[in-house]
Structures are given as structure tokens and as C-alpha cells.
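Coordinate analysis (summary)
Here are the chains, one letter per residue:
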Amino acid sequence: SVNERTYIMVKPDGVQRGLVGNIIGRFEQRGFKLIALKLVHATPEHLEKHYADLKGKPFFPGLIQYMASGPVVAMVWQGLDAVKTGRSMLGATNPLASAPGTIRGDFALAVGRNICHGSDSVENAEKEIALWFPEGIVQYTHDQAKWIFE
Ligand code: DAT
Ligand code: MG
């Protein structure tokens, strides 16, 4: 739907490497509407909730340590098919398999340093938005919408 929302997060390596503006720019240029944004240095406990589905994987402790190693940029983007389109803009989980032109395909090489997160389903997006933005989301009219959607 036009009002679908996805949770996108620039990971600590993306912040340290100065890729925040580029990643935000891609979602802006594509026509998505920014409805939440903040810089946050998350605790391991918070990140364990975010990645709860991966608990038990051999890389889980390293993933949590990496994600807690510095601030992340937490965002919510809204627009047509935001979840699936966000995933395609991200590229494959392993950057070696990500096509050039995708965020991971343009900026990353290692699966454990893949720059950016994006929700993988509408249901998970809603869960992640609630986890990262318990304060709620600002509502405003995006005046571009009439130029982006029929
Ligand atoms: P994605 O981030 O594409 O949704 P995921 O949810 O399966 O991928 O995994 C979350 C993150 O965990 C992923 O972005 C990087 C890390 N990860 C996944 N598989 C890994 C592996 N085999 N080795 C190291 N890190 C891995
Ligand atoms: Mg995932």
C-alpha cells in the first residue's frame, strides 16, 4: 500500500564511514516519506530484542557487539511497497551477492559489516518501529505525494 512503513537503520559502520546522508538521500530521491529519524547508541539488551529471531546463531554474539559498538541512525520510511522496495534498495544480506547500485552492493564487502538494516516483512516492520520508536511517530502531510503517486 501507499502508506506502508518500513524500519531502516544505518548500522554503526555506516555512521562511522559517513554514509548516513547517502543512504537517507536514496530513500528521499526514490519518493519515500521520512516519518521518523534519530541517532541512538543502543544497548545490547535492546539489540537482542531487535534481532530476537537470530538468537542461537553462531554469529549472534558478534552481531550484538558490533551493533552496540557505536550509534545507529534509526528511521521510518513510508510509501508504496516500502518493505519490499527497501529490501531491494539494500541488496542481499551478504554484500558479495549484492548487485551494484544497491546500498550494500555499493558500500560493503563483509556480511558482518553490511552497513544498513531494513525490515523483511510488514509484520516485522511494525514490531521494529514499535521497538525503536516507542514515543510514536510524527504525522504530517507530504506535499510531494501527488507528484509521486497516481
Ligand atoms: P538482513 O540484515 O539482510 O535482514 P538477517 O536478518 O538474516 O539479514 O541477519 C541480520 C544480520 O546478521 C545481517 O545483516 C548480518 C548478520 N548476519 C547474517 N548472517 C550472517 C552470517 N552468516 N555471518 C555473520 N553475520 C551474519
Ligand atoms: Mg533481517
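Residues numbered from 1 in each chain as written. Chains lettered and ligands numbered in written order. Predicted model: local features only at pLDDT ≥ 70, side-chain atom pairs only at ≥ 80, totals over all residues. Heavy atoms only, no water.

If you look the chain up in an unreviewed UniProt entry, it shows as Nucleoside diphosphate kinase from Dichomitus squalens. Per UniProt, the chain has the following entry under Sequence similarities (unreviewed entry): "Belongs to the NDK family." UniProt annotates the chain under Catalytic activity (unreviewed entry) with the comment "a 2'-deoxyribonucleoside 5'-diphosphate + ATP = a 2'-deoxyribonucleoside 5'-triphosphate + ADP". (UniProt positions renumbered as here; feature names shortened; annotations may be inferred.)

1. So, the nonpolar core
Residues Tyr-7, Leu-47, Met-67, Trp-132 and Phe-133 are the most contacted members of the largest nonpolar core, which totals 20 residues. Put simply, the parts of the chain that give this core at least two residues each are strand 1 (5–10), strand 2 (33–40), helix 4 (60–67), strand 3 (72–78) and helix 7 (122–132). Top element by residues in this core is helix 4. It accounts for five residues. Leaving out residues up to four positions away in the same chain, Phe-133 has contacts with Tyr-7, Ala-36, Leu-37, Lys-38, Ala-74, Met-75 and Val-76. Counting 19 residues, the second largest nonpolar core, distinct from the first, contains Phe-32, Met-89, Phe-107 and Ala-108. (Core = buried A, V, L, I, M, F, W, Y, C linked by side-chain atoms within 4.5 Å. Buried < 20%, exposed > 50% of the residue type's maximum accessible area, 1.4 Å probe, protein only. Helix = DSSP H or I, 4+ residues; strand = E, 2+ residues; numbered from the N terminus. Contact = heavy atoms within 4.5 Å.)

2. Here's the deal with the layout of surface pockets
Over the atoms, a rolling probe the size of a water molecule traces out where space has been left empty. A volume near 650 Å³ is recorded for the largest pocket. Contributing to the lining of the largest pocket are 26 residues, with His-50, Tyr-51, Leu-54, Leu-63 and His-117 lying nearest its centre. Secondary-structure elements contributing two or more residues to the lining of the largest pocket are helix 3 (44–50), helix 4, strand 4 (116–118) and helix 7. Here the element with the most residues in the lining of the largest pocket is helix 7; it accounts for four residues. (1 Å grid on protein atoms, 1.4 Å probe; cavity = no way out; pocket = protein on both sides within 12 Å on 5 of 7 lines; lining within 4 Å. Points joined across faces, edges and corners; volume = space filled by probe spheres on them.)

3. Structural notes on unusual backbone geometry
Even without a glycine there, the phi angle at Asp-81 is positive, about 55 degrees. The residue Asp-81 is located in the loop between strand 3 and helix 5 (82–90) in this model. Since its relative accessible area comes to 32%, Asp-81 is described here as partly exposed. With phi around 75 degrees, Ile-115 is a residue other than glycine that occupies positive phi space. Tracing the sequence through the fold places Ile-115 in the loop between helix 6 (103–107) and strand 4.

4. A short note on the site of ligand 1
The local shell around ligand 1 consists of Lys-11, Tyr-51, Leu-54, Phe-59, Leu-63, Arg-87, Thr-93, Arg-104, Val-111 and Asn-114. A distance of 2.7 Å separates an oxygen atom of ligand 1 from a polar atom in the side chain of Arg-87. Thr-93 places a polar side-chain atom, nitrogen or oxygen, 2.5 Å from an oxygen atom of ligand 1. Here ligand 1 has 520 Å² of accessible area as a free molecule, and 73% of this is covered by the chains. A majority-of-atoms criterion places ligand 1 in the largest pocket. Its residues assigned to classes, the shell around ligand 1 shows five nonpolar, two polar and three charged. (Near = heavy atom within 4 Å. Polar contact = N/O pair within 3.5 Å; in protein donor to acceptor, adjacent residues only side chain to side chain. Areas by Shrake-Rupley, 256 points an atom, 1.4 Å probe, with all protein chains shown as cover. Sits in = over half its atoms within 2 Å of the grid points. Nonpolar A, V, L, I, M, F, W, Y, C, P; charged D, E, K, R; others polar.)

5. Notes on the UniProt feature "active site" (unreviewed entry) in the chain
Here the UniProt feature "active site" (unreviewed entry) sits at His-117. On the basis of relative accessible area, His-117 is assigned to the buried category, the value being 8%.

6. Focus on the packing of aromatic side chains
What the rule picks out here adds up to three aromatic pairs. Members of the aromatic cluster, joined through ring pairs, are Phe-27, Phe-32 and Trp-77. The ring of Tyr-140 is capped by Lys-33, whose NZ or CZ atom sits 4.8 Å from the centre of that ring. (Phe/Tyr/Trp six-rings, centres within 6.5 Å; stacked < 30°, edge-to-face > 60°. Lys NZ or Arg CZ within 6 Å of the ring centre and 35° of its normal.)

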